[in-house]
Amino acid sequence: MSSGTSAGADALRDDVLALLAGDGDRLADPYPTWNRLREEIPVWKQGDVVILSRHEHVHQLLGDNNILYSRQGTKTSARYERAKREFSPHGSAAFGRVLDQEFHQLVRMDPPDHPRVRRAVQPPFSARNLAREMQDKVSERVDRNLTALAAGGGEADFKKFAYSLPLQVLGDLLGIPIDDLDMVHSWAQKIAENKFNADSERAAVEADEAYRHLMTYIDVLVARQRASGSETGLVAALLESEDSGVVSHEEAMAMMALMIFAGHETTSNLLAIGLLELLRHPDQWDLLVAEPERVPAAVEELLRFVTPAHFLPYVAKEGREVDGVAVEAGDTVIGVLAAANRDPAVFARPDELDVARSDSRAHVSLGLGPHFCLGAGLARMEATALFGTIARRFPGARPVEADLRWGGRSLRTPLAMPVRLLG
């Protein structure tokens, strides 16, 4: 089905487009819209944009290795080219500079560049290296930050905590001083608000300015790393790869920018919304408190249930049909991970949070194949440490009843999240 003519189909179209544009009211509960899209129009073509929402289709999209779909090709997709034409000259130039920055990043690469750059940065993220270098630091950060959060008594904004923790861990990984973290976060937030944007000139201009500040700051970090002479860690691995000619200077700097952005925005969403959903389901929270060995499985279920990044865009390399819908070469193809993660064809009772379920690891939240999330181990480490420590130290934690305001596009997030940490 490529379009709908009924009033119901028109309403669904409006809801979907509003979610893709980051409408705060609809982001409060996007899942009924994603579910309806998957069940009614699983392959939906709107002009030169095709939206996939079934698990089987999204799974194929994420696992494709530059055969049917391209990441790099989205830079010249019809959707992005149209934005350049419709924005003002100033906005179009800013939009182009943002694309230039982001298409040096690993997540936007196709072979042969993608495997070459990924091999250069993979070692620091191996399970052994993470356990040796980061496990104790993460546990210490979690304990110290929770103590500070609870010290005020009463209500606390857990959203601030949820962005601070992964940002501090990122600072440990990249050598960012703690006093600089709020500044770095302000840039990353503007970049996040623009992610996959092709309709807001304001967001593009703000992201362009944020990238300008961020890349200047990364130059300072790199100079500090070179002066230190350290031969361990992510920055050292990148510089060694650059010096040996494995990656270009632009690719090394883009990888740093990607880590600063992707290394805490998605994890922040998992931590904040993950705790919110656990506390909104007291039976599940009480199960974790009673059986803390379930925490790692609970993290997988929260990755499914929350879906930290709701959708990802690609571009079709060649024309083909998907369930009878024509996909033309050059079409933008958007995979809705949040819909795939609640597909009843794969998950039993998909709209229920169940930390004991056996099928949660079929989620697509961390990608697949060559593009499986590089920082997945670190995100799981942080979430496991956090939820386990709160269950142990603050078993009576409860959400504060309030109408939460939501922001983001793909990276749906609460703007504030009051909780009470009770022992």
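Up top you'll find the structure we're talking about.
The text that follows walks through the structure, step by step, so that each part is easy to find. Since this is a predicted model, take the numbers as computed values, not measurements.

### Some points on unusual backbone geometry
Piece 1. Cis geometry marks the peptide bond from proline 111 to proline 112; its omega dihedral reads 5°.
Piece 2. Inspection of the secondary structure puts proline 112 in the loop between helix H6 (89–102) and helix H7 (113–121).
Piece 3. Although it is not a glycine, arginine 349 adopts a positive phi angle of roughly 45°.
Piece 4. Examined against the element boundaries, arginine 349 turns out to sit in the loop between helix H18 (337–340) and helix H19 (376–393).
Piece 5. We classify arginine 349 as partly exposed; its relative accessible area is 42%.

### Some details on the sheet that holds strand E4 (residues 155–157)
Piece 1. If you walk across this open sheet you meet the 3 strands as E4-E12-E9, and the pairing is antiparallel. The open sheet has two free edges, formed respectively by E4 and strand E9 (398–399), since each of these has just one partner strand.
Piece 2. Taken together, the 2 bridges between E9 and strand E12 (residues 418–420) define a ladder with antiparallel strand orientation. Note on E12: the bridge partner recorded for arginine 398 is arginine 420.

### Some details on the packing of helix H13 (residues 234–243) against helix H14 (residues 249–262)
Each pair of packed helices can be described by the angle between their axes along with the distance between the axes.
Piece 1. Packing of H13 against H14 brings their axes to within 9 Å, and their N-to-C directions diverge by 165°. In terms of their interaxial angle, H13 and H14 are classed as roughly antiparallel. As for how H13 packs across H14, the hand of that crossing is right-handed. Along its contact with H13, which presents Leu234, Val235, Leu238 and Glu242, the element H14 presents His249, Ala252, Met253, Met255, Met256 and Met259.
Piece 2. In terms of residue class, the contact of H13 with H14 is made up of 8 nonpolar, 1 polar and 1 charged.

### Considerations on the environment of glycine 274
Piece 1. Mapped onto the elements of the fold, glycine 274 is located in helix H15 (residues 265–280).
Piece 2. Once you skip the residues sitting within four places of it in the chain, glycine 274 turns out to touch Asn269, Leu302, Val306 and Phe387.

### Re the packing of helix H10 (residues 158–174) against H14
Piece 1. Closest axis-to-axis distance for the H10/H14 pair is 9 Å, and the angle between their directions is 155°. Classed by the angle they form, the pair H10 and H14 counts as roughly antiparallel. Where H10 approaches H14, its residues Leu170, Leu173 and Leu174 are matched on the opposing element by Met256, Met259 and Ile260.
Piece 2. When the residues that make up the contact of H10 with H14 are grouped by side-chain class, the tally is 6 nonpolar, no polar and no charged.

### Considerations on H7
Piece 1. Turning to H7, its buried residues number three or more, namely His114, Val117, Arg118, Ala120 and Val121. Down the axis of H7, the buried side of the element spans an arc of 155°, and every buried residue falls inside it.
Piece 2. As for H7, its buried residues are in contact with H13 and H14.

### Quick look at the sheet that holds strand E8 (residues 332–336)
Piece 1. If you trace the 5 strands from one edge of the open sheet to the other, you get E1-E2-E8-E5-E3, paired in mixed fashion. The sheet is open, and its two edges are formed by strand E1 (43–46) and strand E3 (69–70), each paired on a single side.
Piece 2. As judged from the 5 bridges shared by strand E5 (residues 311–316) and E8, these two strands associate in the antiparallel manner. Bridge pairing in E8 places leucine 312 opposite glycine 335.
Piece 3. The strands touched by helix H1 (residues 7–20) are E1, strand E2 (49–52), E5 and E8; relative to E1, the strand with the most contacts, the crossing angle is about 80°.

### Thoughts on the pairing of E5
Piece 1. The buried fraction of E5 amounts to 5 of the 6 residues, a majority that puts the element mostly inside the structure.
Piece 2. Strand direction decides the pairing type here: E3 and E5, joined by 2 bridges, are antiparallel. Along E5, the bridge assignment pairs tyrosine 69 with alanine 316.

### Points about helix H12 (residues 201–228)
Three- or four-residue spacings in an α-helix give side chains the same orientation, since the helix completes a turn every 3.6 residues.
Piece 1. Relative to the 40 Å expected for 28 residues at 1.5 Å per residue, H12 spans 41 Å between its end C-alpha atoms, a close match to the ideal helical length.
Piece 2. Just downstream of H12, glycine 229 is the residue with a positive phi angle, here 75°.

### With respect to the pattern of salt bridges
Piece 1. Inspection of every chain in the model, using the stated rule, returns 33 salt bridges.
Piece 2. Residues arginine 409 and aspartate 199 are paired through a salt bridge, measuring 2.9 Å at the closest nitrogen-oxygen approach. Of this pair, arginine 409 sits in the loop between strand E10 (406–407) and strand E11 (413–414) while aspartate 199 sits in the loop between helix H11 (181–194) and H12, and the two are 210 residues apart along the sequence.
Piece 3. The class for aspartate 199 is partly exposed, based on a relative accessible area of 47%.
Piece 4. In this structure, a network of salt bridges that share partners links the residues Lys190, Glu193, Arg202 and Glu206.

Basis of the calculations
Residues numbered from 1 in each chain as written. Predicted model: local features only at pLDDT ≥ 70, side-chain atom pairs only at ≥ 80, totals over all residues. Heavy atoms only, no water. Helix = DSSP H or I, 4+ residues; strand = E, 2+ residues; numbered from the N terminus. Buried < 20%, exposed > 50% of the residue type's maximum accessible area, 1.4 Å probe, protein only. Pairing = 2+ DSSP bridges. Axes fitted to C-alpha atoms, helices over the stretch in contact; angles between N-to-C directions. Parallel < 35°, antiparallel > 145°, perpendicular 65-115°, else oblique. Left-handed = near helix turned anticlockwise from the far one by under 90°. Contact = heavy atoms within 4.5 Å. Nonpolar A, V, L, I, M, F, W, Y, C, P; charged D, E, K, R; others polar. Arc of directions from axis to C-beta. Expected span 1.5 Å × (residues − 1). Salt bridge = Lys/Arg side-chain N within 4 Å of Asp/Glu carboxyl O.

That is the geometry; function is a separate question.
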